[in-house]
Amino acid sequence: MTPLFANVNWSVAAPPIFLAAAGLGIMLVDLMSRRALRGWLYLIGIAGCGASFGALLHIAGASQTTLNGAFATDRFSWIFDVLLLLALAVTLAISALKRAEDGGSPAAYAALLVFCTVGGMIMAGATNLIGIFLGIEQLSLALYVLAGSGYPRESSKEAALKYVLLGSLASGFLIYGSALLYGATGSITLADMRSVAAAPSPLFVVGLGLFVVGIAFKLALSPFHIWTPDVYEGSPIAVTTYMTVAVKAATFAVLARFVYAVFPHDSIALVPLWAIAILSMIVGNVGAMRQRNLKRLLAFSSIAQSGYVVVALAGVSSGGLSTMLFYLTAYAFMNLGAFSLIALVGDGDEAYADLDAYRGLFFRRPWVAALMSLFFMSLAGIPLTAGFMGKLYLILTGLQAGPWGLAMAAALIAGTLVSFYVYFKVIWEMFARVEGEAPAVGGNGWIPWTAALIGAAGTLVLGIVPYAFYSLLAYL
């Protein structure tokens, strides 16, 4: 008789297991002591991130599988796992701020964030359709609750309702598309679909289309982005921070592994994905132009950024994955830094997400304004920042990927030009003189300062010495 766990490679499974153990630890501590300080509960989650990262260091550079090949670790998933852990640690840290919202139950809030990340790690390593779906659902179900943890704010309740309704619909598309892909290929393993994808049948094309719709919803690609501004605005600042980085990283891990495993080269079946990316760049940047709430502005920005990242997949080229990993890493530093400063300004208070609160910020908090300007200039793609180098690599990838790659590169350039107005509008507000009494800015916690400085360091290092990232990839 085969032992129950005979096919488990514990080195590969250890990172998500350690993190899940931290989530269970948070729940047990809350069960045994209802008076546990929320800071300690969040610290358990951050310690779990450290333990999981330690397990990842142990397998750095290795390419292994477990569960009969259903879950893999390689340099691709390793980077995504690190991004997920970084996003979780920063989110938990800024959730500990005095005015941060947690739905009145910090233990449940922290545990849900941890289990969200476990789902993201499953997505990053999944090599078959069942693993992908299980990871997405674990991530999504927890996020539906977290979006409403700003209760009793009406906008938070609205965010949770919209997210769960539209998210459930997207999951239906995803699972139905997966079923059709299985019917067309006879396998749930991504690598086994390659032979059918070379000459796709109508059933395969329909299944692929439905699968891409489900993924596009999670990535907030247009026209499946309608939920994004309202959910980002209604969710607590920390949860929005997590959504902008962790959810995108995990879902792009799924999309990239699917495209590279199933399609040996560019295919006409991927044309709808390229068209969606172009539309997202346009809708995201144009939609951001009229926003006065920073969370909504960054929500539309994330729509455009998702379109940018898809350019890395154009042509299914060998260098596309490295470009995607670079840009997502840069995006993580930019967004985590920007949202940490938003949390810092109001000590976690949602009222400070409005752009009016930042008018004349430079004359009250010059260092906060300087760092915020750095992050927004990087999002715009100003030279010597990570955003500039990331967009440059994306454009070069697109130019080498045929007509659709050229079209996406052109849309990226046009979208970047439009985004200058969006991001420099925020910078202008921070450096403008205030007439009358300026809004009070009282937050000064060391936790968001640390997160912001880490984000600034990453933004500058990747912008000035980008080859350092590629040297790390070569080591992995």
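Residues numbered from 1 in each chain as written. Predicted model: local features only at pLDDT ≥ 70, side-chain atom pairs only at ≥ 80, totals over all residues. Heavy atoms only, no water.

> Would you mind showing me how to read the packing of aromatic side chains here?
Given two aromatic rings, one states the distance between the centres and the angle between the planes to describe the pair. Evaluated as defined, the whole model comprises 18 aromatic pairs. Ring plane angle 85° and centroid distance 5.2 Å describe the contact between Tyr144 and Tyr163, whose orientation is recorded as edge-to-face. Taken together, the positions of Tyr144 in helix α5 (residues 129–147) and Tyr163 in helix α6 (residues 154–185) put the pair 19 residues apart, joining distant regions of the chain. Look at Tyr144 and you get buried, because its relative accessible area is 8%. The rings of Tyr144, Tyr163, Phe217, Trp227 and Tyr232 are connected pair by pair, giving a single aromatic cluster. A cation over an aromatic ring shows up here: Arg433 above the ring of Phe363, its NZ or CZ 4.0 Å from the ring centre. (Phe/Tyr/Trp six-rings, centres within 6.5 Å; stacked < 30°, edge-to-face > 60°. Helix = DSSP H or I, 4+ residues; strand = E, 2+ residues; numbered from the N terminus. Buried < 20%, exposed > 50% of the residue type's maximum accessible area, 1.4 Å probe, protein only. Lys NZ or Arg CZ within 6 Å of the ring centre and 35° of its normal.)

> Sorry, what's going on with the environment of Gly387 here?
Tracing the sequence through the fold places Gly387 in helix α16 (residues 386–399). With 54 residues separating them along the chain, Gly387 and Phe333 place their C-alpha atoms 9.8 Å apart. When near neighbours in sequence (up to four residues on either side) are disregarded, Gly387 contacts Tyr327, Met334, Ser378 and Gly381. (Contact = heavy atoms within 4.5 Å.)

> Quick question: what am I supposed to make of the nonpolar core here?
If you look at soluble globular proteins, the nonpolar side chains tend to sit buried side by side. Counting residues in each nonpolar core, the largest one holds 163 residues, and the members touching the most others are Phe80, Tyr358 and Phe376. Top contributing element to this core by residue count: helix α10 (residues 237–262), with 19 residues. Excluding residues that lie within four positions of it along the chain, Tyr358 makes contacts with Leu294, Ile342, Val345, Tyr352, Arg364, Met372, Glu429 and Met430. (Core = buried A, V, L, I, M, F, W, Y, C linked by side-chain atoms within 4.5 Å.)

> Could you clarify how one ought to interpret α10 in this entry?
Since one α-helical turn is 3.6 residues long, residues separated by three or four positions face the same way. Helix length check: α10, at 26 residues, gives a terminal C-alpha distance of 37 Å against a target of 38 Å (1.5 Å per residue), a fit within 8%. At Met243, α10 shows its largest bend, some 35°. Buried residues dominate α10, accounting for 25 of its 26 residues. (Expected span 1.5 Å × (residues − 1). Bend = angle between axes of the 7 residues up to and from the residue.)

> Just checking my understanding: could you explain the state of the cysteines for this structure?
Two cysteines form a disulfide when their sulfur atoms are joined by a covalent bond. Here the structure, examined in full by the defined rule, presents 0 disulfides. Cys116 provides the cysteine sulfur closest to Cys49, a residue in no disulfide bond, and the two sulfurs are 12 Å apart. A residue is classified by how much of its surface remains accessible, and Cys49, at 6% relative accessible area, is buried. What makes Cys116 buried here is its relative accessible area of 0%. (Disulfide = S-S within 2.5 Å.)

> Please clarify how the packing of helix α3 (residues 75–95) against α10 should be interpreted in this entry.
When two helices pack together, their arrangement is captured by the angle between the axes and the distance separating the axes. Closest axis-to-axis distance for the α3/α10 pair is 9 Å, and the angle between their directions is 170°. The angle between the axes of α3 and α10 places the two elements in the roughly antiparallel class. Contacts between α3 and α10 pair Phe76, Ser77, Phe80, Leu84, Ala87, Leu88, Thr91, Ile94 and Ser95 from the former with Ala238, Thr241, Tyr242, Val245, Ala246, Ala249, Ala250, Phe252, Ala253, Ala256 and Arg257 from the latter. Considering only residue class, the contact of α3 with α10 consists of 15 nonpolar, 4 polar and 1 charged. (Axes fitted to C-alpha atoms, helices over the stretch in contact; angles between N-to-C directions. Parallel < 35°, antiparallel > 145°, perpendicular 65-115°, else oblique. Nonpolar A, V, L, I, M, F, W, Y, C, P; charged D, E, K, R; others polar.)

> Looking at this model, I keep getting lost on the side chain of Glu429. Mind explaining?
Relative to the elements of secondary structure, Glu429 occurs in helix α17 (residues 402–431). When neighbours within four sequence positions are excluded, Glu429 is seen to be in contact with Arg292, Leu355, Tyr358, Arg359 and Gly360.

> Got a minute to help me understand the pattern of salt bridges in this structure?
Side chains bearing opposite charge may pair, as long as their charged atoms lie close to each other. Per the stated rule, a full pass over the model turns up 9 salt bridges. Lys157 is the partner of Glu154 in a salt bridge, and the nearest nitrogen-oxygen pair spans 3.0 Å. With Glu154 and Lys157 both in helix α6 and 3 residues apart, the pair spans about one turn of that helix. For the salt bridge of Asp356 with Arg292, the shortest nitrogen-to-oxygen distance reads 2.7 Å. Linking Asp356 in the loop between α13 (320–345) and α14 (361–364) with Arg292 in the loop between α11 (271–288) and α12 (294–310), this pair joins segments that are 64 residues apart in sequence. Residue Asp356 is classed as partly exposed on the basis of its relative accessible area of 43%. (Salt bridge = Lys/Arg side-chain N within 4 Å of Asp/Glu carboxyl O.)

> In this structure, what is going on with the environment of Ile94? I would like to understand it.
With respect to the helices, strands and loops of the structure, Ile94 is situated in helix α3. Distance from Ile94 to Ser340, taken between C-alpha atoms, is 6.9 Å for residues 246 residues apart in sequence. Setting aside anything within four residues of it in sequence, one finds Ile94 in contact with Ala100, Ala238, Thr241, Ser340, Ala343, Ile447 and Pro448.

Functional significance is not addressed by these values, which are geometric in nature.
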